[in-house]
Amino acid sequence: MHQAPTTLQVDGPELRKRRMAAGLEIDDLARSADISRSYLSHLETGSRTRMRPARYKRLFDALEAAERAQPSPARGEEDKE
């Protein structure tokens, strides 16, 4: 029988990149995910690399919600320079 992992790996630099692309400050994402700002900072800098599944889900659910809320470029504007 397969057992779920007790912790999940987090790619801190990618997490930070996604947070910033979503236009979120670290405090905003931490609050949305119900984790501390310092914990999120440790994840982003790589001093922590693993999280428990429940926290992982809350963090990435909050991040994905923020990404979906981002306005997409108007059709054709991405080609203009």
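Residues numbered from 1 in each chain as written. Predicted model: local features only at pLDDT ≥ 70, side-chain atom pairs only at ≥ 80, totals over all residues. Heavy atoms only, no water.

## A look at the overall build of the chain
Threshold: Helix and strand assignments follow DSSP, with helices taken as H or I runs no shorter than four residues and strands as E runs no shorter than two, numbered in order from the N terminus. A simple rule labels every residue: compare its accessible area, found with a 1.4 Å probe on the protein chains alone, to the largest value its type can have, and call it buried under 20%, exposed over 50%, or partly exposed in between. Residues are treated as being in contact if the distance between any of their heavy atoms lies within 4.5 Å. Using the Shrake-Rupley algorithm and a 1.4 Å probe, accessible areas are obtained, with residue cover drawn only from the displayed protein chains.
Within the chain, the secondary structure is distributed over four helices and two strands. Buried residues in the chain amount to 26% of all 81 residues. Here the contacts in the chain between residues at least 6 apart in sequence split such that 68% fall between residues at least 24 apart. Summed over all atoms, the accessible surface of the chain reaches about 6,000 Å², with 48% contributed by carbon and sulfur.

## Concerning the pattern of salt bridges
Where side chains of opposite charge bring their charged atoms close, a pairing between them can arise. Put simply, the rule reads: For this document, the term salt bridge refers to a Lys or Arg side-chain nitrogen within 4 Å of an Asp or Glu carboxyl oxygen.
In the structure shown here, the tally under the stated rule is five salt bridges. Among the ionic pairs, Asp61 bridges to Lys57, the shortest N-O distance being 2.6 Å. Of this pair, Asp61 and Lys57 both sit in helix 4 (residues 53–69), separated by four residues, roughly a single helical turn. For Lys57, a relative accessible area of 52% gives the class exposed.

## A word on the confidence of the model for the chain
Note the cut-off: Scored from 0 to 100, pLDDT reflects the predictor's confidence in each residue.
Looking at the chain, pLDDT values average 89 and 85% of them are 70 or higher. The spread of mean pLDDT over the elements of the chain runs between helix 4, the lowest at 95, and helix 3 (residues 37–45), the highest at 98.

## Details of the side chain of Glu44
Tracing the backbone shows Glu44 in helix 3. With a relative accessible area of 7%, Glu44 lands in the buried category. Excluding residues within four positions of it along the chain, Glu44 makes contact with Gly12, Pro13, Leu15, Arg16, Arg19 and Ile26.

## Structural notes on unusual backbone geometry
Backbone geometry places Asp34, a non-glycine residue, at a positive phi of 60°. By the secondary structure assignment, Asp34 is in the loop between helix 2 (26–33) and helix 3. With a relative accessible area of 59%, Asp34 lands in the exposed category.

## Observations regarding the environment of Leu24
Positionally, Leu24 belongs in the loop between helix 1 (12–21) and helix 2. A sequence separation of 42 residues divides Leu24 from Ala66, and the C-alpha atoms of the two residues are 7.7 Å apart.

## Let's talk about the nonpolar core
Side chains of a nonpolar character, in soluble globular proteins, are inclined to be buried together. Heads up, the rule is: Joining through side-chain atoms within 4.5 Å is the link that ties buried Ala, Val, Leu, Ile, Met, Phe, Trp, Tyr and Cys residues into a set, and such a set is a nonpolar core.
Membership of the largest hydrophobic core comes to 18 residues, with the highest contact counts inside it found for Leu15, Leu29, Ile35, Leu40, Leu43, Met51 and Leu59. Of all the secondary-structure elements, those providing two or more residues to this core are helix 2, helix 3 and helix 4. Per element, the largest residue contribution to this core is five residues, and it comes from helix 4.

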